[in-house]
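# Examination of the molecular architecture
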Amino acid sequence: LHEYEKECRKIKANIKEQRERDELLHSVRKDIGEFKSASASRTDSLVRERGSATNSLRTTDQILQGAAATYESLKGQRQIYSTI
């Protein structure tokens, strides 16, 4: 009977140890999943931010081109009016 009790305690300890291992593994997998999700979210944010910066640069280039064209036009008008 003593040997059965000893074996029973050993089995219970093994079961408890396996449950703890399973819980730890589940926790680690959950943490990894959350990290990947957060990482993907950060990457998406950076991609959106880069797109916004590119659009802003494109708009700025268009404005500068318009300003340069206006400057050239005014310069041409000055030359015309200076000969009058």
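Coordinates for the structure precede this section.
Reference entry: report on the structure contained in this document. (Residues numbered from 1 in each chain as written. Predicted model: local features only at pLDDT ≥ 70, side-chain atom pairs only at ≥ 80, totals over all residues. Heavy atoms only, no water.)

### Structural notes on the overall build of the protein chain
Short version of the rule: Numbering goes from the N terminus for both helices and strands, where a helix is a DSSP run of H or I of at least four residues and a strand is a run of E of at least two. Radius of gyration means the value over C-alpha atoms here, while the globule rule gives 2.2 Å times the residue count to the 0.38 power. For each residue, the accessible area found with a 1.4 Å probe, counting protein chains only, is set against the maximum for its type, and the residue is called buried under 20%, exposed over 50%, and partly exposed in between. Accessible surface area values rest on a Shrake-Rupley calculation with a 1.4 Å probe, where residue burial reflects the displayed protein chains alone. Counted charges follow a simple rule, with Lys and Arg positive, Asp and Glu negative, and His plus the chain ends left uncounted. For this purpose, a charge sits on NZ of Lys, CZ of Arg, CG of Asp or CD of Glu.
For the protein chain, the count of helices and strands is 1 helix and 0 strands. Taken over C-alpha atoms, the radius of gyration comes to 36 Å for the protein chain, far larger than the 12 Å a tight globule of 84 residues would show. Taken along the three principal axes of its C-alpha coordinates, the protein chain extends 125 × 10 × 5 Å. Taking all 84 residues of the protein chain together, 0% fall into the buried category. Taken as a whole, the protein chain presents about 8,100 Å² of accessible surface, with 57% of it coming from carbon and sulfur. With 16 positive and 13 negative side-chain charges, the protein chain shows a separation of 5 Å between the mean positions of the two kinds.

### Regarding the pattern of salt bridges
Where we set the bar: We define a salt bridge as a contact between a side-chain nitrogen of Lys or Arg and a carboxyl oxygen of Asp or Glu at a distance within 4 Å.
What the rule picks out here adds up to 2 salt bridges. Across the salt bridge formed by arginine 21 and glutamate 17, the nearest N and O atoms sit 2.5 Å from each other. A residue pair is termed a helical-turn pair when its members lie 3 or 4 positions apart in one helix, as arginine 21 and glutamate 17 do in helix H1 (residues 2-82) at 4 residues. Overall, the relative accessible area of 41% leaves glutamate 17 in the partly exposed class. With a shortest N-O distance of 3.8 Å, lysine 75 and glutamate 72 are connected by a salt bridge. Residue lysine 75 and its partner glutamate 72 are both found in helix H1; the two are separated by 3 residues, about one turn of the helix. The partly exposed category is assigned to lysine 75, whose relative accessible area is 32%. Its relative accessible area of 44% is what places glutamate 72 among the partly exposed residues.

### Comments concerning a nonpolar patch on the surface
For clarity, the threshold we go by: Residues with no salt bridge and a relative accessible area higher than 30% make up the patches, which join like charges within 9 Å and nonpolar side chains (Val, Leu, Ile, Met, Phe, Trp, Tyr) within 5 Å.
Together, Leu24, Val28 and Ile32 line one region of the surface with nonpolar side chains, adding up to about 260 Å² of accessible area. Here leucine 24 lies in helix H1.

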